[in-house]
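# Descriptive analysis of the structure
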Amino acid sequence: SAVISQKPSRDICQRGTSLTIQCQVDSQVTMMFWYRQQPGQSLTLIATANQGSEATYESGFVIDKFPISRPNLTFSTLTVSNMSPEDSSIYLCSVDTGGFPYEQYFGPGTRLTVT
Amino acid sequence: TQLLEQSPQFLSIQEGENLTVYCNSSSVFSSLQWYRQEPGEGPVLLVTVVTGGEVKKLKRLTFQFGDARKDSSLHITAAQPGDTGLYLCAGAQGGSEKLVFGKGTKLTVNP
């Protein structure tokens with residue numbers, strides 16, 4: 001398993017601004033994932049971030065809106081750019097154990113409210 | 001189209017009752033995980049099943065993977081208020097490391 005922390009835990013932001021969410025892992029991992037979750041609902045994968053390569057985005061998510069950095073094997077950031085109220089959600093990062101059966105461990109999430 | 005259909009979506013029961021949550025698909029999964037999530041926290045991995053027909057027990061929780069690796073169930077015996085939370089199933093397909101999540105079952109156990 002892995003211990004994952006996220007900063008900030010919550011934020012209230014104004015429309016049109018950007019917020020960068022940090023994800024720190026206590027061990028080196030290859031794959032990191034970023035998800036979005038509406039409270040009480042399921043998870044939607046935004047992108048997969050490998051160290052040393054560009055992030056891979058899922059359908060409906062673009063790099064201009066959600067730029068991701070992965071500077072090393074223990075850290076990643078997700079930026080939510082030019083925010084609108086529709087971006088209000090919980091953002092989660094996760095890592096997998098590396099290799100089959102691809103178990104993922106999640107951070108506590110960042111609750112974002114856009115006004 | 002939701003690849004993993006989870007049911008029921010909501011479940012409210014009394015302490016001591018038994019319950020089963022289902023996760024179904026028309027697709028085959030190489031592995032399937034169950035997570036529990038409490039408000040304000042990230043999902044926590046409960047179990048992983050990889051072999052068709054596999055049954056795993058975690059105290060009062062029993063997990064089963066279908067013979068064809070297309071479905072799974074979670075059974076809770078004598079539910080307790082501490083079991084309250086959002087239960088999510090998630091599957092991996094082929095060699096992909098990405099997980100497909102079901103929509104979740106929100107369980108409330110009333111004292």
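Our subject in this report is the structure included herewith. Computed from a predicted structure; not experimentally measured. (Residues numbered from 1 in each chain as written. Chains lettered and ligands numbered in written order. Predicted model: local features only at pLDDT ≥ 70, side-chain atom pairs only at ≥ 80, totals over all residues. Heavy atoms only, no water.)

### Some words on the overall build of chain A
- If you tally the helices and strands in chain A, you get 0 helices and 11 strands.
- Each helix and strand of chain A, ordered N terminal to C terminal, gives the series β-β-β-β-β-β-β-β-β-β-β.
- In terms of overall dimensions, chain A is globule-like: its C-alpha atoms have a radius of gyration of 13 Å, near the 13 Å expected for 115 residues.
- Each principal axis of the C-alpha atoms in chain A carries an extent, and together these give about 40 × 25 × 25 Å.
- Among the 115 residues that make up chain A, the fraction classed as buried is 50%. (Helix = DSSP H or I, 4+ residues; strand = E, 2+ residues; numbered from the N terminus. Rg over C-alpha atoms; globule rule 2.2 N^0.38 Å. Buried < 20%, exposed > 50% of the residue type's maximum accessible area, 1.4 Å probe, protein only.)

### A look at the pairing of strand β6 (residues 55-58) of chain B
All names here are of chain B.
- In this structure, β6 lies alongside strand β7 (residues 61-65), joined through 4 bridges in antiparallel fashion. Bridge pairing in β7 links K56 to F63.
- What sits between the antiparallel neighbours β6 and β7 is a turn of 2 residues, in which K59 has the positive phi angle 55°. (Pairing = 2+ DSSP bridges.)

### Side note on the environment of B:A68
- Looking at the element boundaries, B:A68 is found in the loop between β7 and β8 (71-76).
- Measuring from C-alpha to C-alpha, the distance between B:A68 and B:V28 comes to 7.1 Å, with 40 residues separating the pair along the chain.

### Regarding the side chain of B:S73
Residues and elements named next belong to chain B.
- Structurally, S73 can be placed in strand β8.
- Note on S73: relative accessible area 16%, which makes it buried.
- Once you skip the residues sitting within four places of it in the chain, S73 turns out to touch T20, V21, Y22, W34, T62, F63 and Q64. (Contact = heavy atoms within 4.5 Å.)

### Comments concerning the interface of chain B and chain A
- Taken together, the contacts link 24 residues of chain B with 23 residues of chain A.
- Summed over both partners, the interface of chain B with chain A buries about 1,700 Å², with 58% contributed by carbon and sulfur atoms.
- Together, B:E97, B:K98 and B:F101 form the three largest contributors to the area buried by chain B at its contact with chain A, with a combined 33%.
- Inspection of the chain B/chain A interface yields 1 salt bridge.
- A salt bridge links A:E58 to B:K98, with the nearest nitrogen and oxygen atoms 2.9 Å apart.
- Elements with a minimum of two residues in the side of chain B that touches chain A: β4 (31-37), β5 (44-49), β9 (85-92) and β10 (99-101) of chain B.
- Ranked by residue count, the leading element in the side of chain B that touches chain A is β4(B), at 4 residues.
- Broken down by class, the residue content of the side of chain B that touches chain A amounts to 9 nonpolar, 11 polar and 4 charged. (Buried area = accessible area lost by both parts, 1.4 Å probe. Salt bridge = Lys/Arg side-chain N within 4 Å of Asp/Glu carboxyl O. Nonpolar A, V, L, I, M, F, W, Y, C, P; charged D, E, K, R; others polar.)

### What to know about the sheet that holds strand β3 (residues 19-24) of chain B
All names here are of chain B.
- With respect to topology, 5 strands assemble into an open sheet ordered β1-β3-β8-β7-β6, the strand pairing being antiparallel. On the outer flanks of this sheet lie β1 (5-7) and β6, each paired with one strand and no other. Put simply, the sheet's adjacent strands are angled 15° from each other on average, direction ignored.
- Of the pairings in the sheet, the one linking β1 to β3 comprises 3 bridges and is antiparallel in character. The residue of β3 that forms the bridge with E5 is N24. (Axes fitted to C-alpha atoms, helices over the stretch in contact; angles between N-to-C directions.)

### With respect to the sheet that holds strand β7 (residues 68-72) of chain A
All names here are of chain A.
- One open sheet accounts for 4 strands, arranged β1-β3-β8-β7; its pairing is antiparallel. The sheet is open, and its two borders are formed by β1 (4-7) and β7, each paired with just one other strand. Going from strand to strand, the sheet's axes swing by 15° on average, the running direction of each strand aside.
- Across 4 bridges, β1 lies against strand β3 (residues 19-25) in antiparallel orientation. Across the sheet, residue Q6 finds its bridge partner in β3, namely C23.

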